[in-house]
Amino acid sequence: MMGGFALALGLEENHLLHHVTKPPSQLRLIHYPYNPNAEDAQGIGAHTDYECFTLLLPTAPGLEVMNGAGEWIDVPFRDDALVVNIGDMLEIWSNGEFVATSHRVRKVKEERYSFPLFFACDYHTVVAPLPELVTRHGQAYYPPLKAGDHLYAQTIQTFNYLRERLARGEIALPDGAREVGSLGQHGKHKDSPQ
């Protein structure tokens, strides 16, 4: 997939592959239990995935993405298809040509499983807009960041128990840490009603 993303950007197919030799990617299983009293309401809040991209196999509807107009739309459910979400790293590398997929999960009245593979680049990779794309756009729209520091910072800012440790001074954010929700469509539409 990394080769396909590079080709879509007009680059050599192997342009990004040297950044994925030992990535800290992870496959997770997320379970949404059956709840006959569930209201169609927000479940997992709006966010982007921190890595390069996510391959997702859901077992039922419930995923929404934000389109370019800042509107939440349902992702059509197909039991024979994977969902591909662009992550933060590809947004930065592409200098905004790819936009991280802002998404959220709705509570639905049927049991739902989700199998996401969060595909990362190597932990110590410095992710910055690619020079070819900076030339194409005339400027870099993102400052560089270290992939591992970004994963660490976003995790700290996302999970309550880590935010509490941060507030107590037990852990610290890396220098240059991005605010959660600063990428993707919901970062662009942050001040709009959700």
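We now turn to the structure provided with this report. (Residues numbered from 1 in each chain as written. Predicted model: local features only at pLDDT ≥ 70, side-chain atom pairs only at ≥ 80, totals over all residues. Heavy atoms only, no water.)

Observations regarding the packing of helix α4 (residues 147–158) against helix α5 (residues 160–167)
Step number 1: One can describe the packing of α4 onto α5 by two numbers: an axis separation of 5 Å at closest approach and a directional angle of 95°. When the axis of α4 is compared with that of α5, the two are roughly perpendicular. Of α5, the residues touching α4 (which contributes T155, I156, Q157 and T158) are N160, L162, R163 and L166.
Step number 2: Classifying every residue of the contact of α4 with α5 gives three nonpolar, four polar and one charged. (Axes fitted to C-alpha atoms, helices over the stretch in contact; angles between N-to-C directions. Helix = DSSP H or I, 4+ residues; strand = E, 2+ residues; numbered from the N terminus. Parallel < 35°, antiparallel > 145°, perpendicular 65-115°, else oblique. Contact = heavy atoms within 4.5 Å. Nonpolar A, V, L, I, M, F, W, Y, C, P; charged D, E, K, R; others polar.)

Some points on the side chain of S94
Step number 1: Of note, S94 is situated in the loop between α2 (88–93) and β8 (103–106).
Step number 2: The exposure class of S94 is buried, given its relative accessible area of 0%.
Step number 3: Not counting the four nearest positions on each side in its chain, S94 is found in contact with L9, L133 and H137. (Buried < 20%, exposed > 50% of the residue type's maximum accessible area, 1.4 Å probe, protein only.)

A few points about α4
Step number 1: Along its twelve residues, α4 runs 17 Å from first to last C-alpha, staying within 8% of the 16 Å computed at 1.5 Å per residue.
Step number 2: Where α4 is concerned, the buried positions are A147, G148, H150, L151, A153, Q154, I156 and Q157. (Expected span 1.5 Å × (residues − 1).)

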